[in-house]
Amino acid sequence: MSAPKGAKIFKTKCSQCHTVEAGGPHKQGPNLHGLFGRQSGQADGYSYSTANKNSGIVWGEDTLFDYLEAPKKYIKGTKMVFAGLKKPAERKDLIAYLQEATSS
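Residues numbered from 1 in each chain as written. Predicted model: local features only at pLDDT ≥ 70, side-chain atom pairs only at ≥ 80, totals over all residues. Heavy atoms only, no water.

It is worth spelling out the packing of helix H3 (residues 61-69) against helix H5 (residues 88-101) at this point. Interaxial distance between H3 and H5 falls to 10 Å at its minimum, and their mutual angle equals 130 degrees. Between H3 and H5, the interaxial angle falls into the category oblique. Here the hand of the crossing between H3 and H5 comes out right-handed. Facing H3, whose interface residues are Glu61, Leu64, Phe65, Leu68 and Glu69, H5 presents Pro88, Arg91, Lys92, Leu94, Ile95 and Gln99. Along the lines of polarity and charge, the residues of the contact of H3 with H5 split into 6 nonpolar, 1 polar and 4 charged. (Axes fitted to C-alpha atoms, helices over the stretch in contact; angles between N-to-C directions. Helix = DSSP H or I, 4+ residues; strand = E, 2+ residues; numbered from the N terminus. Parallel < 35°, antiparallel > 145°, perpendicular 65-115°, else oblique. Left-handed = near helix turned anticlockwise from the far one by under 90°. Contact = heavy atoms within 4.5 Å. Nonpolar A, V, L, I, M, F, W, Y, C, P; charged D, E, K, R; others polar.)

In structure tokens, the structure reads:
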């Protein structure tokens, strides 16, 4: 897993809709700071889909790995429009970056 590679993936595929810094704004998608260990649909001030709020998913490496492959299949009814990252190595790199960027 490579956080630097994950940072590039985040910049090109995620940053148009998400921020990661503490106190960062919500965009089309929620700010991701504090993501690990948080239940899906719980970031304050963001309007989630009912499916996301009611999924009961707690975000961690395993759940993000599966979710990022095909978000609409993992949470049916999510409003996230991203098609997903099919390559396992890219998902692992992105997760490594998110672990660093969303916790500092």
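Let us now look at the confidence of the model for the protein. Per-chain confidence: the protein averages 94 in pLDDT, with 99% of residues scoring 70 or above. Element-level mean pLDDT values for the protein span from 92 in helix H2 (residues 50-53) up to 97 in H5. (pLDDT = per-residue confidence, 0-100.)

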